[in-house]
Amino acid sequence: MLYLHIPFCHRICPYCSFYKHTPGQTSIGRFIDALVTESAARIASSGQVPRTIYLGGGTPSMLSPAHLTKLFQGLKESIDFTQLDDVTMEANPATFDEKKAALFTELGVTRTSLGIQSFAPHVLKTLGREHTPEEASASVDMLRRTGMRSINIDLMFSIPGQSLEDWKQTLQTAVSLEPQHISAYNLTYEEDTAFFESLRKGEMSQNEDHDADHFHLADELLTQAGFDHYETSNYAQPDHHSTHNQGYWSGEDYLGLGPSAVSTVGMVRHKNIPDTAHYVSQIESIGNAIHESETIDEEAWRLERIALGLRTKEGIPLTLLDSEGKRRALTLAEEGLAEMTETSLILVQRGRALVDPIAAELV
Ligand SMILES: C[S@@+](CC[C@H](N)C(=O)[O-])C[C@H]1O[C@@H](n2cnc3c(N)ncnc32)[C@H](O)[C@@H]1O
Ligand SMILES: C[S@@+](CC[C@H](N)C(=O)[O-])C[C@H]1O[C@@H](n2cnc3c(N)ncnc32)[C@H](O)[C@@H]1O
Ligand code: SF4
């Protein structure tokens, strides 16, 4: 698995804590050279043969056709694209036209994840998004017309000012566009964001009842529309589950390259420097941009497997739980929040909305 971080955005959304910035004076050509150099070097030194590639960000779709072509040509020098199961690229509506959409497929992208967030104009405004609902729908149509194998739509819920009816209409519009995958994220107030600051000042407030109501509505409506609710925030049509993201949840090794990207190979986690200018100069001078490294001990690994595994519909193997955890798991089953099989603990519908506090209780 290979993750590549493209840190550029046209505008910074007030809820987003991922590493990103406007391009400013960055030489994007030099950045792409650095990413290609780093990919070849880290693939060779780790012995990892990627089966999936994920281009995230930031906003990879805002790269120009020439820069996208340069990036993919460079990657193809060290990666055999015929051996890949899946190549995902994140895209924002209104950052590509039909010609660029056709180029995505031509270059080898098989799955596009579109950050639509909402189809309600007032919610898009609260989120500081640049696109209109019409542009979002047009982007989905454009990708489909150019033969994209799999289209994901990212949506967000429990946003201040978003009623349950707004959320229902957003879900219905998303379903009517017939994407193969929908991600529905509960808004989180991440530190160092404008939303977090508004929450701290009391200008925004969190409402756990809204969180649960919006979660259950998505579960009901999307499941009825034929989607498999395979992870807390993810719904897929048959055979369109994200293999790359499933790799993260099941604890596979992965390489994460580009500024701020995280890798985990053989219980060692590396994080690249979250600064594009430093990233480029370090790759050019010493060939890597690793900023933090840690060996994950067994206990930390166990806790991570529980927190991520409980989010999936397969649940967690009981062998991950200590005796106290097993006792708590039995209580969860008695309370109707989980199901215990001979080998696994799986959250049932009522428990799935409470996955984070339940995971905290089990460890
Ligand atoms: C890193 S963003 C990149 C996608 C793309 N740039 C965009 O904005 O459409 C990936 C997704 O994470 C989700 N996301 C980002 N910040 C979030 C937050 N604070 N709470 C919940 N979901 C969030 C959004 O749905 C977003 O589409
Ligand atoms: C929030 S998820 C959205 C996934 C999307 N819903 C889908 O189905 O493909 C993707 C984001 O997670 C972050 N991300 C994923 N893998 C990463 C890694 N290895 N290192 C750093 N960030 C990563 C990036 O910001 C990326 O844009
Ligand atoms: S949500 Fe997407 S477009 Fe908005 S700042 Fe984050 S990465 Fe950029």
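Residues numbered from 1 in each chain as written. Chains lettered and ligands numbered in written order. Predicted model: local features only at pLDDT ≥ 70, side-chain atom pairs only at ≥ 80, totals over all residues. Heavy atoms only, no water.

## Observations regarding the pairing of strand S4 (residues 111–117)
Thought 1: Here S4 lies mainly inside the structure; seven of its seven residues are buried.
Thought 2: The two faces of S4 match: Arg111, Ser113, Gly115 and Gln117 on one face and Thr112, Leu114 and Ile116 on the other face are all buried.
Thought 3: With four bridges joining them, strand S3 (residues 86–91) and S4 adopt parallel strand pairing. Directly across from Thr88, in S4, lies its bridge partner Arg111.
Thought 4: Where the polypeptide runs from S3 across helix H3 (residues 98–107) and back to S4, its parallel neighbour, the crossover connection is right-handed. (Buried < 20%, exposed > 50% of the residue type's maximum accessible area, 1.4 Å probe, protein only. Helix = DSSP H or I, 4+ residues; strand = E, 2+ residues; numbered from the N terminus. Pairing = 2+ DSSP bridges. Right-handed = clockwise from strand over helix to strand, strands pointing away.)

## Here's the deal with the packing of helix H12 (residues 323–334) against helix H14 (residues 355–362)
Thought 1: Direction vectors running N to C along H12 and H14 enclose 145 degrees, while the axes themselves pass 9 Å from each other. From H12, Gly325, Arg328, Ala329 and Leu332 reach across to H14, where they touch Ile358, Glu361 and Leu362.
Thought 2: Partitioned by chemical class, the residues of the contact of H12 with H14 number four nonpolar, one polar and two charged. (Axes fitted to C-alpha atoms, helices over the stretch in contact; angles between N-to-C directions. Contact = heavy atoms within 4.5 Å. Nonpolar A, V, L, I, M, F, W, Y, C, P; charged D, E, K, R; others polar.)

## What to know about the site of ligand 2
Thought 1: Taken together, 18 residues sit near ligand 2, with Tyr54, Glu90, Asp154, Ser183 and Tyr248 positioned nearest.
Thought 2: Between ligand 2 and Arg111 there is a distance of 2.9 Å, counted from an oxygen atom to a side-chain nitrogen or oxygen.
Thought 3: Contacts to ligand 2 include Val262, whose backbone N or O atom sits 3.0 Å from a nitrogen atom.
Thought 4: Protein coverage of the free-state accessible area of ligand 2, which is 590 Å², stands at 85%.
Thought 5: Residues of the shell around ligand 2, tallied by class, amount to eight nonpolar, seven polar and three charged. (Near = heavy atom within 4 Å. Polar contact = N/O pair within 3.5 Å; in protein donor to acceptor, adjacent residues only side chain to side chain. Areas by Shrake-Rupley, 256 points an atom, 1.4 Å probe, with all protein chains shown as cover.)

## So, the UniProt feature "domain: Radical SAM core" (unreviewed entry) in the protein chain
Thought 1: Using the residue numbers shown here, the UniProt feature "domain: Radical SAM core" (unreviewed entry) corresponds to residues 1–228.
Thought 2: Helix makes up 43% of residues 1–228 and strand 17%, whereas the separation of the span's terminal C-alpha atoms amounts to 23 Å. (UniProt positions renumbered as here; feature names shortened; annotations may be inferred.)

## Some thoughts on the side chain of His5
Thought 1: Along the chain, His5 falls in strand S1 (residues 2–6).
Thought 2: Taking the relative accessible area as the measure of exposure, His5 reaches 3% and is therefore buried.
Thought 3: Looking at His5, its side chain comes within polar contact range of the side chain of Tyr3, at 2.8 Å.
Thought 4: At 2.8 Å, the side chain of His5 and the backbone oxygen of Tyr19 are in polar contact.

## Side note on H14
Thought 1: Those residues of H14 that sit buried are Val355, Ile358, Ala359 and Leu362. Viewed end-on, H14 has its buried residues packed into an arc of 100 degrees, placing them on one side of the element. Turned more than 90 degrees away from the buried face of H14, the exposed residues are Asp356, Pro357 and Ala360.
Thought 2: The secondary structure elements touched by the buried residues of H14 are helix H11 (298–309), H12, strand S15 (344–347) and helix H13 (349–352). (Arc of directions from axis to C-beta.)

## Let's talk about the domain arrangement of the protein chain
Thought 1: Considered domain by domain, the protein chain is made up of domain 1 (2–249) and domain 2 (299–362).
Thought 2: Spacing between the C-alpha centres of domain 1 and domain 2 amounts to 28 Å.
Thought 3: One can count two salt bridges joining domain 1 with domain 2.
Thought 4: A salt bridge links Glu231 to Arg311; the shortest N-O distance between them is 2.8 Å. (Domains from an automatic or database assignment. Salt bridge = Lys/Arg side-chain N within 4 Å of Asp/Glu carboxyl O.)

## Here's the deal with the sheet that holds strand S14 (residues 338–340)
Thought 1: Judged by pairing direction, the sheet is antiparallel, and its three strands sit side by side in the order S13-S15-S14 without closing on themselves. On the outer flanks of this sheet lie strand S13 (316–317) and S14, each paired with one strand and no other.

## Some remarks on the nonpolar core
Thought 1: Counting 63 residues, the largest nonpolar core has Ile53, Leu71, Leu155 and Tyr279 as its most contacted members.
Thought 2: No other element matches helix H1 (residues 28–46), which puts seven residues into this core.
Thought 3: Residue contacts for Tyr279: discarding those within four places in its chain leaves Phe31, Ala34, Leu35, Glu38, Gly258, Pro259, Asn272, Ile273 and Ala289.
Thought 4: In terms of nonpolar packing, the next biggest core, distinct from the first, is built from 16 residues, Ile316, Ala329, Leu332 and Val355 among them. (Core = buried A, V, L, I, M, F, W, Y, C linked by side-chain atoms within 4.5 Å.)

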